[in-house]
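Breakdown of the fold
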Amino acid sequence: MRELVETIAKALVEHPDEVVVTQKASGRSVLIELQVSPSDMGKVIGKQGRIAKAIRSVVKAAASRDDKKVIIDIVE
C-alpha cells in the first residue's frame, strides 16, 4: 500500500523528492501517513478534497484484496 500511495503522490507534486510515506500496521488496519512539501499540499488535496478522496478510494480498493482497512492521513 505504501508504494502505491508514494507513486500516486510523486506523480502529482512538483517536488517528488520531498514526498515521505510511512506505514503503520496494527491487526487488520493500516495507517498510512503522507507528507509533501507545503507548496504541494494543495495539489495532493485538490479542490474540495477531491484528489485526496480519489487517492483514498484507489488504496481502499487495493486493500480490499487483502481484507484490510486502510486509513490515509495527509500531514504537514
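Fair warning: this is a prediction, and the values are worked out from it, not measured in the lab. (Residues numbered from 1 in each chain as written. Predicted model: local features only at pLDDT ≥ 70, side-chain atom pairs only at ≥ 80, totals over all residues. Heavy atoms only, no water.)

Remarks on the side chain of Ser-37
- Checked against the element boundaries, Ser-37 lands in the loop between strand 2 (29–35) and helix 2 (41–45).
- At 3.4 Å, the side chain of Ser-37 and the side chain of Glu-18 are in polar contact.
- Apart from residues lying up to four places away in sequence, Ser-37 is in contact with His-15 and Glu-18. (Helix = DSSP H or I, 4+ residues; strand = E, 2+ residues; numbered from the N terminus. Polar contact = N/O pair within 3.5 Å; in protein donor to acceptor, adjacent residues only side chain to side chain. Contact = heavy atoms within 4.5 Å.)

What to know about the side chain of Glu-6
- Along the chain, the position of Glu-6 falls in helix 1 (residues 2–12).
- Side chain to side chain, Glu-6 and Arg-2 meet in a polar contact 2.8 Å long.

Considerations on the pattern of salt bridges
- Tallying each qualifying case throughout the model produces four salt bridges.
- The residue Arg-28 makes a salt bridge to Asp-67 at a minimum N-O spacing of 3.3 Å. Taken together, the positions of Arg-28 in the loop between strand 1 (20–26) and strand 2 and Asp-67 in the loop between helix 3 (50–64) and strand 3 (69–75) put the pair 39 residues apart, joining distant regions of the chain.
- Asp-67 gets classed as partly exposed once you look at its relative accessible area, which sits at 49%.
- Overlapping salt bridges bring together Arg-2, Glu-6 and Lys-10 as one network. (Salt bridge = Lys/Arg side-chain N within 4 Å of Asp/Glu carboxyl O. Buried < 20%, exposed > 50% of the residue type's maximum accessible area, 1.4 Å probe, protein only.)

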